[in-house]
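This is what each chain is made of:
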Amino acid sequence: MKTPTLSVKVSLLLGTATVLLLGAAALLTDYLVDAQLQRRFDDELLTQARTLAASVVNGPQGLAHDVPLEWPARTATDIPQGSWAMHCVGHAQLHSQPPMPASPPDWQHDASPVPAYDDLQAGATALRAVWFRFVEPAADSNGVAPVHDCRVLFAQSRQSLDDVLLEIDIILLVIPLLALLLVLAVSPALVRRGLRPLDLLSQAMQDIEPHVPGQRLQAASAADLEPLVDGFNQVLVRVDEALARERRFADALAHEIRTRLTELRTLVDVERRFPDGRTSAQLFDEIGAIGTELEATVSALLLLTRFDAGQQQPDWCALDLQSAVNRQMARFASLAHKRAIQWRIQTSHSPISLRADTALFDIVLGNLLRNACEYAPEDSAVEVILDTARLQIANVAPDLDAEDVKRLGERFWSKQQGRGGHLGLGLALANAAAATMGMQLSFALHAGQRLCVTLEWHSPSSA
């Protein structure tokens, strides 16, 4: 199933957030408005009840009535008439005419100076009632002011309040619903417009050709797209570098193979047309030397492939560091003698043993020492420093600069690319073999153009 587009996802998130926020806002507004209108209705109800009680007690006849009264429940307002009942201690109970259609249970017993409210139901009519205890002095004909202790119940239809609350509920439902529908209708267009820079960026990415170097994305028009543009441009830089390395490697490898094959063909053609009297053994030796160089190149490539695929597993054993160095130095003794290279070995421990794979360690050490012999200036020294946790090889490297040192050990790179079989595989092999054994190979250019190659392992192990 195909996943929704980014604009659809954003629209859905926006719609969901709008529903939740508008719904919560509508519910909160409805609650606050209902509470405010209910409070005002109750305040008006209490005002009428107090006015009614005071009028009854302090009226012309006072509490002398012993029959039900037809007393209007409104005084100075236009609120429709309500029903009431009042019982004063020592006097007969008074009530409106018609009497109260419903009343709260035990309201006389529960009445207190603090007003109490309740909703009553009289048939199909909903009432709002308030009751309280009413204590007030009242003057009689003798001028004495007795204290009247009364319980007052006043009820009024709440139909007008319910109608207003219903209208408010409808308004609070319709307006958010319309706003929600409007937001949902315009959200996809707004989201697509907002994501337009992302569409332009996507199109710009599609227009970049992988085999055309130097292409970069323009600066983003939106600040939040700048990290994406910068990251993609960095990827393009790495892709260009990788493609450049591959091109250099392909050129060097083609040149190397072509050179060796040309040597073979030239050797055969010259010997066939202009024999110089060399014996077959000499001719075969020269052909074998050329084949050996080709074999070494192919073997290095195959070994690198095995390292990349993780197929080369170390065969751990205890290795004597001094013996391994001496063995590799003996391999390159003729090259060192030819270029007048002097070996200088420094060690503070004897013997030094480490846990390594002999074949892999020979690849690392052999490539490092051969590299030092080939690139150190003639009639100079190569220092080999042995320690329990590292090995250092240092020599003068006048042709290297800081940028070159950063690329040492990089595959398919060599300062003398394509010259004399230098395909940039030696240090690459050394780096891959060291990594296979869990060792770290690093390069540094010190003062005086002195290149220091350091091979480190985690911890020494005594044999």
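In this report, we go over the structure that sits alongside the text. Sequence order as written defines residue numbering, which begins from 1 separately in each chain. Selection of residues for local features in this predicted model requires a pLDDT of at least 70, selection of side-chain atom pairs for listing and counting requires 80 or more, and totals for whole chains, interfaces and linings are taken over all residues. As a rule here, side-chain values come from all non-hydrogen atoms in the structure, and water together with hydrogens is ignored.

Re the overall build of the protein chain
- The secondary structure listing takes helices from DSSP runs of H or I that are at least 4 residues long and strands from runs of E that are at least 2 residues long, numbered from the N terminus. Helix and strand counts for the protein chain stand at eleven helices and twelve strands.
- Throughout, a residue-residue contact means that at least one pair of heavy atoms, one from each residue, lies within 4.5 Å. A separation of at least 24 residues holds for 67% of the contacts in the protein chain among residues at least 6 apart in sequence.
- For the area figures, the Shrake-Rupley method with a 1.4 Å probe applies, and any residue is considered shielded solely by the protein chains shown. Of the roughly 27,100 Å² that the protein chain leaves accessible, carbon and sulfur atoms contribute 58%.

What about the state of the cysteines?
- In this description, a disulfide is simply a cysteine sulfur pair whose atoms lie within 2.5 Å. Overall, the coordinates contain one disulfide when judged by the stated rule.
- Paired by a disulfide, Cys88 and Cys150 hold their sulfur atoms 1.8 Å apart. Where Cys88 bonds to Cys150 through sulfur, the torsion about that S-S bond is close to 105 degrees, and the disulfide is right-handed. You can see Cys88 sitting in strand β1 (residues 83-88) and its partner Cys150 sitting in strand β5 (residues 147-157), a full 62 residues away along the chain.
- Overall, the relative accessible area of 0% leaves Cys150 in the buried class. The classification of residues rests on relative accessible area computed with a 1.4 Å probe and restricted to protein chains. Under 20% of the type maximum is buried, over 50% is exposed, and intermediate values are partly exposed.

Topic: the nonpolar core
- By size, the foremost hydrophobic cluster in this structure holds 52 residues, and its most contacted members are Leu321, Phe361, Leu391, Met439 and Leu455.
- In terms of residues, this core owes the most to one element, helix α9 (residues 358-375), which gives nine residues.
- Beyond its immediate sequence surroundings of up to four residues, Leu391 is in contact with Leu321, Val325, Leu365, Ile385, Leu386, Val453, Thr454, Leu455 and Trp457.
- Here, nonpolar core means buried Ala, Val, Leu, Ile, Met, Phe, Trp, Tyr and Cys residues that are tied together by side-chain atoms lying within 4.5 Å of each other. Ranked by size, the runner-up nonpolar core spans 17 residues in total, among them Ala49, Leu52, Met86 and Cys88.

Some remarks on helix α11 (residues 426-436)
- Among all positions in α11, only Leu427, Ala428, Leu429, Ala430, Ala432, Ala433 and Ala434 are buried.
- Among the structural elements, α6 (280-309), α9, β11 (440-446) and β12 (450-456) are those in contact with the buried residues of α11.
- The first or second residue beyond α11 is Gly438, which carries a positive phi of 80 degrees.

Things to note about unusual backbone geometry
- At Asp106, a residue that is not glycine, the phi angle is positive and equals roughly 55 degrees.
- Among the secondary structure elements, Asp106 is positioned in the loop between β2 (94-95) and α2 (107-110).
- Its identity as a non-glycine residue notwithstanding, Asp379 has a phi of 60 degrees, on the positive side.
- For Asp379, the location among the structural elements is in the loop between α9 and β9 (381-386).

Examining the pairing of β11
- Two elements, β11 and β12, share seven bridges in a ladder whose sense is antiparallel. Bridge pairing in β12 links Ser442 to Thr454.
- Whether two strands pair depends on DSSP finding at least two bridges between them. Turn length for the β11-β12 hairpin, with the two strands adjacent in sequence and antiparallel, is three residues, and the turn residue Gly448 shows positive phi of about 75 degrees.

What about a nonpolar patch on the surface?
- Candidate patch residues must exceed 30% relative accessible area and have no salt bridge, after which like charges are joined if within 9 Å and Val, Leu, Ile, Met, Phe, Trp or Tyr side chains if within 5 Å. When a carboxyl oxygen of Asp or Glu lies within 4 Å of a side-chain nitrogen of Lys or Arg, that pair is called a salt bridge. Residues Leu166, Ile170, Leu173, Val174, Leu177, Leu178, Leu181 and Leu184 make up a contiguous nonpolar surface patch of about 740 Å² in total accessible area.
- Among the secondary structure elements, Leu173 is positioned in helix α3 (residues 159-194).

So, the environment of Met439
- For Met439, the position within the fold is in the loop between α11 and β11.
- With relative accessibility at 8%, the residue Met439 sits in the buried group.
- Along the backbone, Met439 and Arg390 are 49 residues apart, and their C-alpha atoms lie at a distance of 9.4 Å.
- Among residues more than four places away in sequence, those in contact with Met439 are Leu354, Arg355, Ala356, Phe361, Ala434, Leu455, Glu456 and Trp457.

Quick look at the packing of helix α1 (residues 6-58) against α3
- Fitting a line to C-alpha atoms yields each axis, with helices limited to the stretch in contact; the angle taken between N-to-C directions then spans 0 to 180 degrees. Remark: α1 packs on α3, axes separated minimally by 9 Å, with the N-to-C direction vectors making an angle of 165 degrees. Relative to α3, the element α1 lies roughly antiparallel. Crossing geometry of α1 relative to α3 is assigned as right-handed.
- In this count, Pro and Cys sit with the nonpolar residues alongside Ala, Val, Leu, Ile, Met, Phe, Trp and Tyr, while Asp, Glu, Lys and Arg are called charged and the others, Gly among them, polar. A breakdown of the residues in the contact of α1 with α3 according to their chemical character gives 20 nonpolar, eight polar and four charged. Should an angle lie under 35 degrees it is considered roughly parallel, over 145 roughly antiparallel, and from 65 to 115 roughly perpendicular; all remaining angles are considered oblique. The handedness criterion is simple: a crossing whose near helix is rotated anticlockwise from the far helix by less than a right angle is left-handed, and one whose near helix is rotated clockwise is right-handed.

What about the side chain of Ser380?
- Looking at the secondary structure, you find Ser380 in the loop between α9 and β9.
- Not counting residues up to four positions away in its chain, the partners in contact with Ser380 are Ala340, Ile341 and Gln342.

Let's talk about the side chain of Gln38
- Here Gln38 lies in helix α1.
- Since its relative accessible area comes to 16%, Gln38 is described here as buried.

Overview of the packing of α6 against α11
- Between α6 and α11, the shortest axis-to-axis distance is 10 Å and the interhelical angle comes to 30 degrees. Accordingly, the angle class assigned to the pair α6 and α11 is roughly parallel. α11 is crossed by α6, and the crossing has left-handed handedness. Here Ala300, Leu303, Leu304 and Phe307 of α6 lie close against α11, whose contacting residues are Ala428, Leu429, Ala432, Ala433 and Thr436.
- Across the contact of α6 with α11, the residue classes break down as eight nonpolar, one polar and no charged.

Here's the deal with the pattern of salt bridges
- Per the stated rule, a full pass over the model turns up eleven salt bridges.
- Of the charged contacts, one joins Arg128 and Asp42 as a salt bridge, the two residues approaching to 2.9 Å between their closest N and O atoms. You can see Arg128 sitting in strand β4 (residues 125-137) and its partner Asp42 sitting in helix α1, a full 86 residues away along the chain.
- Note that Glu383 and Arg450 form a salt bridge whose closest N and O atoms lie 3.0 Å from each other. On the criterion of sequence distance, the pair formed by Glu383 in strand β9 and Arg450 in strand β12 is long-range, its members being 67 residues apart.
- We classify Glu383 as buried; its relative accessible area is 17%.
- By sharing partners, the salt bridges in this structure join Asp42, Asp119, Arg128, Arg158 and Asp162 into a single network.

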